[in-house]
Amino acid sequence: MRRFATERVKRLFFGSLLASRSPPSASLCSSPAAAAMDPAAGVVTVDTINPKVLKCEYAVRGEIVSHAQRLQQELQNKPGSHPFDEILYCNIGNPQSLGQQPVTFFREVLALCDHPPLLDKSETHALFSADAIARAWQILDVIPGRATGAYSHSQGIKGLRDAIAAGIADRDGFPANPDDIFLTDGASPAVHMMMQLLIRSEKDGILCPIPQYPLYSASIALHGGSLIPYYLDESTGWGLEISELKKQLEDARSKGITVRALVVINPGNPTGQVLAEENQREIVNFCKNEGLVLLADEVYQENIYVDDKKFNSFKKITRSMGYGDDDVPLVSFQSVSKGYHGECGKRGGYMEVTGFNAEVREQIYKVASVNLCSNISGQILASLVMNPPKVGDESYESFNAEKNGILSSLARRAKALEDAFNSLEGVTCNKAEGAMYLFPCLRLPQKAIAAAKAVNAAPDGFYARRLLDATGIVVVPGSGFGQVPGTWHVRCTILPQEDKIPAIISRLKAFHEAFTEEFRD
């Protein structure tokens, strides 16, 4: 993907140069001489912007997706212009864009909070569940002035943080402090905030899994740090080996890099593995012994699809090992965008920050204050996600049916797509134990690799582009996530609605067979 980014920069830069070379008949105001007299000309070019921005890449919305959007526009303008009638965006974890319906209880509470006069109308009791009405009153009572359009405390509304802390305590069996919680617009700003806090220069490094979610590589690049890769073991279901962490840590330190933190994504993105409890204990001890901050990306904690694995938060693991608040610096990220709720556009999330002294916490709060506060709808949703209806509530049975229906369907979709990928010649795909993605390995023919090189593309990017052009299916090249050199992958979400999965599989198989025959060695 770095090559793609470089080519885009070249096209933008040289395109602007060519555009400035006007023909002789052009007006004087567009001539080079006139441009030279214009003090604004050339003030901002790709050569003068922050080089960290150029270094930053985000494959999930990269070149393939831009091309998909062009194709979508062409389909709208001229139906029948391509061998497919719709673009299927399997590139990003955006459930509602692919037809998933919002959870009724969450939306009822949001509607009532956003328009409190509804609570005073008699017909509201016929339209909304009693527990949604009660929860809306409860939430409005903790919002100053009941104003959901006003700024809040920079960490988030205190009463909502209280509710989230109670939900964390219920989940883990250990107490949580609302003052440790920072509500954010999704998990991404929280990740940026921590990178901003920890990275001082390129001599500061962050241990990151490979493959990884590109938010981490992008954030590390933007803040001027060094990404220290540790490779997950594909042959053991994307296992995380402590020996690999030690090897990469020692190598980085030998180069004069101060490693500040370890990123762990559990369940994995893009790899879909769920960590075993013993493995988590090893990771906590590693961070404790090496003096590293543990950055725990836990946004897929509700997305578990196998019976022999369950989610355990790193907060729960550290406390069960006897470590207290001051023993292991730990930052846990959660989001309303994933799970069964999929409320990506509402931009709600939080980080729970433990193990930092008071002086550092003041600096975290200062950074949060610069952004004033996260949006109030997202704050409310985060409190609801961590405190859904309980047994005895009017909405409990319908809520549970919606939640379980979504998760069981995701599990079926994951299995169907996993089986489909494994049926393709030269493709192997590990089980999706959790999260929302599959990350199959492509053993591409040498002729395909040579063809990719001829157009200055990564081989998996070449495959993904050809797949899109033939089928309308959008996947992300594995090169955008990082991978063992010489291996090629794509990331595909499991999110298209279940009735579309057979057609996707059919298109995928037909494309792969044709591609393999075209480039067979």
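What you are looking at is a predicted structure, and each value in this text was computed from that prediction instead of being measured. (Residues numbered from 1 in each chain as written. Predicted model: local features only at pLDDT ≥ 70, side-chain atom pairs only at ≥ 80, totals over all residues. Heavy atoms only, no water.)

Most of helix α10 (residues 214-222) is tucked away: seven of the nine residues are buried. All buried positions along α10 are accounted for by P214, L215, Y216, A218, S219, I220 and A221. The positive-phi residue at the C-terminal boundary of α10 is G224, with phi of around 80°. (Buried < 20%, exposed > 50% of the residue type's maximum accessible area, 1.4 Å probe, protein only. Helix = DSSP H or I, 4+ residues; strand = E, 2+ residues; numbered from the N terminus.)

Positionally, Q379 belongs in helix α15 (residues 376-385). Every residue in contact with Q379, bar those within four places of it in the chain, is listed here: S152, G156, I157, L160, L183, C373 and S374. (Contact = heavy atoms within 4.5 Å.)

So, on to the state of the cysteines. Summed over the entire model, instances satisfying the criterion amount to zero disulfides. Free of any disulfide, C113 has its nearest cysteine sulfur in C373, 16 Å distant. Here C113 falls in the buried class, since its relative accessible area comes to 0%. (Disulfide = S-S within 2.5 Å.)

The next subject is unusual backbone geometry. With omega at -10°, the peptide bond leading from N266 into P267 counts as cis. Secondary-structure assignment places P267 in the loop between β5 (258-265) and α12 (277-290). For R146, which is not glycine, the phi dihedral falls at a positive 50°. Assignment of secondary structure puts R146 in the loop between α7 (130-142) and α8 (158-172).

With that settled, consider the packing of aromatic side chains. Here the structure, examined in full by the defined rule, presents 13 aromatic pairs. With centroids separated by 5.0 Å and ring planes inclined at 75°, the aromatic side chains of Y463 and F515 adopt a geometry described as edge-to-face. In this pair, Y463 is assigned in helix α18 (residues 459-471) and F515 in helix α19 (residues 501-518), connecting sequence segments 52 residues apart. Here Y463 and F515 have matching classes, each one buried. Each member of the aromatic cluster is reached from another via a ring pair, and the members are F462, Y463, F511, F515 and F519. Against the face of Y437 rests R491, its NZ or CZ located 3.8 Å from the ring centre. (Phe/Tyr/Trp six-rings, centres within 6.5 Å; stacked < 30°, edge-to-face > 60°. Lys NZ or Arg CZ within 6 Å of the ring centre and 35° of its normal.)

On their own, these measurements won't tell you what the molecule is for.
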